Amino acid sequence: MKLVKTTLKSPLGDIILVLDGETIVICEFADRKQRVERQLAQYYSDRGVTTGDCPAAITDVFDAYFAGDRDALNGLKTAPMGTDYERRVWQDLKSIKAGLTDSYGGMAKRLNSSARAIGRANGRNPIGLIHPCHRVIGADGSLTGYAGGLERKEWLLRHEGAILDLGAKA
């Protein structure tokens, strides 16, 4: 069965989704399409990819999230491809509730790993937003590392109510 690549509009720019039926295998901002192509080549080279429409049920969930339902993405079906370790890290990201953050060190303790390894795995997360790597910050509260860009990370955290006073620190 072919994968379907589709594009959704968002306040942060277009989002590319790659679907296997109704399961999301890739979710990336469209200006990061080289990441999408790398994932497709590495993990799905034996599958055809066609362009198509996004199922209304998935579009509705993203619309709800960007309209303010910060938990809307939680119910989406995902199946990211990566190493066993990466998938374990990405699954753990889903335990960080909207409105909260965790640190790389905190995740490392929980997963019996290192902060650097957690950072690497987060940087390879092919399903940003849904496996919310934007909720992982530096131990000092800094907004370090986000493949979609630090401006988007800040926007997402503000949108979810996790940080409300970044401007006041300036």
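Just so it is clear, the structure is predicted and the values come from calculations on it, not from any experiment. (Residues numbered from 1 in each chain as written. Predicted model: local features only at pLDDT ≥ 70, side-chain atom pairs only at ≥ 80, totals over all residues. Heavy atoms only, no water.)

Focus on the pattern of salt bridges
Applied cut-off: One speaks of a salt bridge when a side-chain nitrogen belonging to Lys or Arg is within 4 Å of a carboxyl oxygen belonging to Asp or Glu. Secondary structure elements follow DSSP: runs of H or I no shorter than four residues count as helices, runs of E no shorter than two count as strands, and numbering proceeds from the N terminus.
According to the stated counting rule, one finds 11 salt bridges in the structure shown. The residue Lys 9 makes a salt bridge to Asp 14 at a minimum N-O spacing of 3.4 Å. Salt-bridge contacts for Arg 124 lead to Glu 86; the nearest nitrogen and oxygen are separated by 3.2 Å. Note that Arg 124 is positioned in the loop between helix H5 (115-123) and strand E6 (136-137) and Glu 86 in helix H3 (residues 84-93), a separation of 38 residues in sequence.

Here we look at the packing of H3 against H5
Cut-off, in case you're wondering: Axis lines are fitted to C-alpha atoms, over the contacting stretch for helices. Their N-to-C directions set the angle, which ranges from 0 to 180 degrees. For classification, angles of less than 35 degrees are called roughly parallel, those exceeding 145 degrees roughly antiparallel, those between 65 and 115 degrees roughly perpendicular, and all remaining angles oblique. Contacts were defined at the residue level, with two residues in contact if any of their heavy atoms lie within 4.5 Å. Charged residues are taken to be Asp, Glu, Lys and Arg, nonpolar residues to be Ala, Val, Leu, Ile, Met, Phe, Trp, Tyr, Cys and Pro, and polar residues to be all remaining types, Gly included.
H5 packs onto H3 with a crossing angle of 85 degrees between their chain directions and a minimal axis gap of 9 Å. By the angle between their directions, the pair H3 and H5 is classed as roughly perpendicular. Across the interface between the two elements, Tyr 85, Glu 86, Val 89, Trp 90 and Leu 93 from H3 touch Ala 117, Ile 118, Ala 121 and Asn 122 from H5. When its residues are assigned to classes, the contact of H3 with H5 shows seven nonpolar, one polar and one charged.

Section: the environment of Val 89
For Val 89, the position within the fold is in helix H3. Along the backbone, Val 89 and Ser 113 are 24 residues apart, and their C-alpha atoms lie at a distance of 9.8 Å.

With respect to the state of the cysteines
The condition that has to hold: Disulfide: a pair of cysteine sulfur atoms within 2.5 Å of each other. Relative accessibility thresholds used throughout: buried, under 20% of the residue-type maximum; exposed, over 50%; partly exposed, between the two (1.4 Å probe, protein chains only).
Here the structure, examined in full by the defined rule, presents zero disulfides. Take Cys 27: it sits in no disulfide, and the sulfur closest to it among the cysteines is that of Cys 133, at 9.7 Å. Judged by its relative accessible area of 9%, Cys 133 falls in the buried class.

A closer look at the nonpolar core
For clarity, the cut-off: Take the buried Ala, Val, Leu, Ile, Met, Phe, Trp, Tyr and Cys residues and link them wherever side-chain atoms come within 4.5 Å; each set so joined is a nonpolar core.
Core analysis: the biggest nonpolar cluster contains 34 residues, and Leu 17, Ile 24, Cys 27, Phe 62 and Leu 129 have the highest contact counts within it. Secondary structure elements with two or more residues in this core: strand E2 (15-20), strand E3 (23-29), helix H2 (56-66), H3, helix H4 (104-111) and H5. Element by element, the count of residues in this core is highest for H2, at five residues. Those residues in contact with Phe 62 that sit more than four places away from it in its chain are Leu 8, Ile 15, Leu 17, Ile 24, Cys 27, Leu 73, Leu 76, Leu 129 and Ile 130. Grouped together as the second largest cluster of nonpolar side chains are eight residues, Ile 16, Val 18, Val 25 and Tyr 44 included.

Re the side chain of Asp 92
Relative to the assigned elements, Asp 92 resides in helix H3. Residue classification places Asp 92 among the buried residues on the basis of a relative accessible area of 12%. Setting aside residues up to four positions removed in sequence, Asp 92 forms contacts with Met 107, Arg 110 and Leu 111.

Some thoughts on the sheet that holds strand E1 (residues 3-8)
Where we set the bar: Two strands are said to pair when DSSP picks up at least two bridges between them.
Here four strands make up an open sheet; going across it, the order is E3-E2-E1-E4 and the pairing mixed. Here the strands that pair on one side only, and so sit at the sheet edges, are E3 and strand E4 (49-51). Strand-to-strand twist of the sheet, defined as the mean angle between neighbouring strand axes without regard to direction, takes the value 25 degrees. On the sheet, H2 packs against E1, E2 and E3 and is oriented at approximately 145 degrees with respect to E2.

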